[in-house]
Amino acid sequence: MLITIEGIDGTGKSTLIRNLSNTLNDMNPVITREPGSTWIGEQVRRGIAEEIDPVAEALLFTADHAAHIRDVIRPALSAGKVVISDRYSDSRYAYQSVTLDSILPDALGWLEAVHHGWTIVPDRTYLLTIPVDQAMARLSDDRDDTEHFEKADILSRVQKNYLMLAERDPERFVIVDAMLEKEKIGTFVADSIRQFVKR
Ligand code: TYD
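This text gives an overview of the structure that appears in the document. Since the structure is predicted, the reported quantities are computational estimates derived from the model, not experimental observations.

To continue, consider the overall build of the protein chain. Within the protein chain, the secondary structure is distributed over 8 helices and 5 strands. Starting at the N terminus and walking to the C terminus, you meet the elements of the protein chain as β-α-β-α-α-β-α-α-β-α-α-β-α. Scaling as 2.2 N^0.38, a compact globule of 199 residues should have a C-alpha radius of gyration of about 16 Å, and the protein chain matches this with 16 Å. Once the C-alpha set of the protein chain is aligned to its principal axes, its extents read approximately 45 × 35 × 30 Å. Counting only contacts in the protein chain whose residues sit at least 6 apart along the sequence, the fraction spanning at least 24 positions is 80%. Accessible surface computed for the protein chain: about 10000 Å², of which carbon and sulfur atoms make up 50%. Computed over 23 positive and 32 negative side-chain charges, the inter-centroid distance for the protein chain is 5 Å.

Written out as structure tokens, the structure reads:
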């Protein structure tokens, strides 16, 4: 069972993941992330920091995804585990559709084609949503150096893309209001995962 957690920067994904790793401890889930579950993730972070070419950046994120699938996701799924990934393919579809928009006529189509045939589609995706000004406020509270994606206009387009993906695939996506209390979000998502896994 592959479950992914998605949302723009500042939605509180990290807090939710920490929360889930405690509350779902008895299920012994494999908790993982993109980018960064393999050494390629380090190169991705370097690429983000240096603001490299958007096509190179998209392919680096995708390379990280391929390694993630081979080294972590596929073995865990084969062993019958519940896998929870903090970001996954929808991050590419939502973010890189924006960064590649001025370069490619159909960025989403290209990104999906690049993944097609080898990626593993999640069984369930929780999408945290938040008003962009709130996300920006949280990000500037957290630290003073923001990544290049963390600009209001970009995050607003990324969130629109996420919502479009969710609308296209309502069976897979569950939209979660990230403005709710942290504990409430944690309990809601944990209960929902338990029910989904039982099914
Ligand atoms: P993340 O590790 O979630 O952020 P943080 O280190 O701030 O917790 O992801 C780093 C950034 O990379 C984030 O702004 C989202 C972006 N990203 C993409 O643009 N495409 C992708 O495919 C992924 C996985 C992340």
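Considered for burial, the residues of helix α2 (residues 40-50) that qualify are I40, G41, V44, G47 and I48. Here the buried residues of α2 occupy an arc of 110° about the axis, which is enough to place them on one side. Turned more than 90 degrees away from the buried face of α2, the exposed residues are E42, R46, A49 and E50. In this structure, the buried side of α2 is in contact with α3 (54-78).

Moving on, we get to the packing of helix α1 (residues 13-23) against helix α8 (residues 182-198). Two elements in contact, α1 and α8, have axes whose closest approach is 9 Å; the angle formed by their N-to-C orientations is 55°. Viewed along their axes, α1 and α8 adopt a mutual orientation that is oblique. For α1 against α8, the interelement crossing comes out right-handed. Residues T15, L16, N19, L20 and T23 of α1 pack against K182, E183, I185, G186, V189, A190, I193 and R194 of α8. For the contact of α1 with α8, the class distribution of residues is 6 nonpolar, 4 polar and 3 charged.

The computed volume of the largest pocket comes to approximately 850 Å³. Taken together, 39 residues line the largest pocket, and the ones lying closest to its centre are D9, G10, K13, S14 and R87. Among the elements that line the lining of the largest pocket, the one with the most residues is α1, at 7 residues. In terms of residue class, the lining of the largest pocket is made up of 13 nonpolar, 10 polar and 16 charged.

Reading the values: the criteria
- Residues numbered from 1 in each chain as written.
- Predicted model: local features only at pLDDT ≥ 70, side-chain atom pairs only at ≥ 80, totals over all residues.
- Heavy atoms only, no water.
- Helix = DSSP H or I, 4+ residues; strand = E, 2+ residues; numbered from the N terminus.
- Rg over C-alpha atoms; globule rule 2.2 N^0.38 Å.
- Contact = heavy atoms within 4.5 Å.
- Areas by Shrake-Rupley, 256 points an atom, 1.4 Å probe, with all protein chains shown as cover.
- Lys, Arg positive; Asp, Glu negative; His and termini not counted.
- Charge placed at Lys NZ, Arg CZ, Asp CG, Glu CD.
- Buried < 20%, exposed > 50% of the residue type's maximum accessible area, 1.4 Å probe, protein only.
- Arc of directions from axis to C-beta.
- Axes fitted to C-alpha atoms, helices over the stretch in contact; angles between N-to-C directions.
- Parallel < 35°, antiparallel > 145°, perpendicular 65-115°, else oblique.
- Left-handed = near helix turned anticlockwise from the far one by under 90°.
- Nonpolar A, V, L, I, M, F, W, Y, C, P; charged D, E, K, R; others polar.
- 1 Å grid on protein atoms, 1.4 Å probe; cavity = no way out; pocket = protein on both sides within 12 Å on 5 of 7 lines; lining within 4 Å.
- Points joined across faces, edges and corners; volume = space filled by probe spheres on them.

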